Each structure stands twice: as structure tokens, then as C-alpha cells.
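Secondary and tertiary structure notes
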Amino acid sequence: RFQLELLKTELLLGEAEIESTFVFYGSARIPSPEEVPAVHAAADTPEKQAVAQRLAAKSHYYEVARELARIASTHCEEGKRCFTVCSGGGPSIMEAANRGAWDVGAPSLGMNIVLPHEQVPNPYVTPGLSFQFHYFALRKMHFLMRAKAVAVFPGGFGTFDELFELLTLVQTGKVAPLPILIYGRDFWSRVMNFEALAEEGVIAPHDLALMHFVETAEEGWAIVKAHYEL
């Protein structure tokens, strides 16, 4: 099963001539702007209303992810599929990424995973580039094997897992340095104190430079352009 999940995906991406990818990580729970009213309507207690309010406040990141995916999908060297949008294939931020590529008629990847509560591929993933994984480890390998840039939006355990594995791989030289765009400084500063890690001495101060905190699609793409001198 390990071998199947590794080789099948690799063969299909090779056949599709996917040269490189732009990977999007983020929550499956942040609503799109259109879904905000439904999120509020479903909150039937004061506690749920407070959570709904915080989720709704993050809904603009759906449009940011969608716009960033649109921009990335229109940049390609002649005859190659570069910066092909790649997401976890599910809803919310993942859907926004695939939808941005779909907006401009570009292909995009969806790397779904079998979960206890079934995660259905969103409708914007390109047919033939929608993959279903059993193992998180192999899914994360494929996220990064062709990645030239990664955008990380607010998220929960899964997003943390993906972000910290990426940071560790770059920090230890297992993956070449690449633009790691962190969207939502207010969110990340509240849930994770990166500077404190350096102050405590458990990471080096220069490790903080592995990440770029950004807010807009244009700001994120400018960092990618500068990194690769596009």
C-alpha cells in the first residue's frame, strides 16, 4: 500500500507533465464569504456564536487564497506546467486554491485523505489529478516533492503538522529553501509564539527567516517572484 500510494501518484503527475507546484495549506472549517450566513445561522448557543464570529472573520482568507492561486496559475514557462496549484483537495481554503486555478482554466491537484468523517474532493480539482491517500506520511511527501512555494493559512492540527514538518525539513537541509508564506499574523501570533522559541534557544534566531508573514495575494506572489528572480 505504501508503494502504491508513492508510485501511482508519481506516475500520474509525470504523465501530466506537472513540473512544479504551489502548495496551499489551511483549515477545512473557514467558510467562504458566501457561507458566512449559514455558519451564523447554525450557531445556536452563545459559545457557538462566538466561534462562528471568529470563523467568519477569517472568511476573507478564502478570497486571498483564491486570488493567489489565480496569479500562480497564470505563470508558466513555455511548454511546462509550473506553480501548479496543489491542495489537500477538501473544502474551505483547499477549495479556494483549486477554485482559483479553475477560474483561469488551469489544472490543479487535490490530495485527499481517507478520514473517519469522509472528506469529499471539492468540485474544482482537475479530474485525473485528484488523489486519495490512506497514509498522511505519503500524502505529505507528495505535497513537497515538487513544491516551489507554500502558502499556509490559519488552520488546526493538520495545518500545524504540515507547517512544522516543512519548517523542519528546510531547517535541516532535507528540502531546499523555498518561499513559505504565512497568512494571518494576528492568528499565528495568538496561537503560536515563534519568537519565544528563539528566545528560549530551542531554535536559532535565523530560523525565523524561513517564514514570511503576509496578508494579500500580491504580497505573497511578490516574495515568490523575488526568490526565483522571475
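Presented here is an overview of the structure given in this document. (Residues numbered from 1 in each chain as written. Predicted model: local features only at pLDDT ≥ 70, side-chain atom pairs only at ≥ 80, totals over all residues. Heavy atoms only, no water.)

Attention now goes to the pairing of strand S6 (residues 180-183). Neither face of S6 is left uncovered, since the one carrying Ile180 and Ile182 and the one carrying Leu181 and Tyr183 both have all their residues buried. Bridge count between strand S5 (residues 147-152) and S6: three bridges; the pairing is parallel. Across the sheet, Val152 pairs through a bridge with Ile182, a residue of S6. In this fold, the crossover linking S5 to S6 by way of helix H7 (residues 157-171) has right-handed handedness. By the bridge criterion, three bridges tie S6 to strand S7 (residues 212-214) in an arrangement that is parallel. (Buried < 20%, exposed > 50% of the residue type's maximum accessible area, 1.4 Å probe, protein only. Helix = DSSP H or I, 4+ residues; strand = E, 2+ residues; numbered from the N terminus. Pairing = 2+ DSSP bridges. Right-handed = clockwise from strand over helix to strand, strands pointing away.)

Where charged atoms from two side chains of opposite charge come close, those side chains can pair. For the structure on display, the rule yields nine salt bridges. The shortest N-O distance in the salt bridge between Glu67 and Arg70 comes to 2.7 Å. In this pair, Glu67 and Arg70 are both assigned in helix H4 (residues 60-73), three residues apart and thus about one turn of the helix distant. In this structure, Arg70 engages Asp103 in a salt bridge whose closest nitrogen and oxygen atoms are separated by 2.6 Å. (Salt bridge = Lys/Arg side-chain N within 4 Å of Asp/Glu carboxyl O.)

This part takes up the sheet that holds S5. The strand order across the open sheet formed by seven strands is S4-S3-S2-S1-S5-S6-S7, and the pairing between neighbours is parallel. One side of each edge strand has no neighbouring strand; the edge strands of this open sheet are strand S4 (130-133) and S7. Shown here is a sheet whose adjacent strand axes are inclined to one another by a mean of 25 degrees, direction ignored. Summarising the sheet, strand S1 (residues 21-25) and strand S2 (residues 84-87) pair through three bridges and their orientation is parallel. Across the sheet, residue Phe22 finds its bridge partner in S2, namely Val85. Those strands touched by helix H5 (residues 93-103) are S1, S2 and strand S3 (108-113), and its axis lies near 160 degrees from that of S2. Contacting S1, S5 and S6, H7 runs over the sheet at an angle of about 150 degrees to S6. (Axes fitted to C-alpha atoms, helices over the stretch in contact; angles between N-to-C directions. Contact = heavy atoms within 4.5 Å.)

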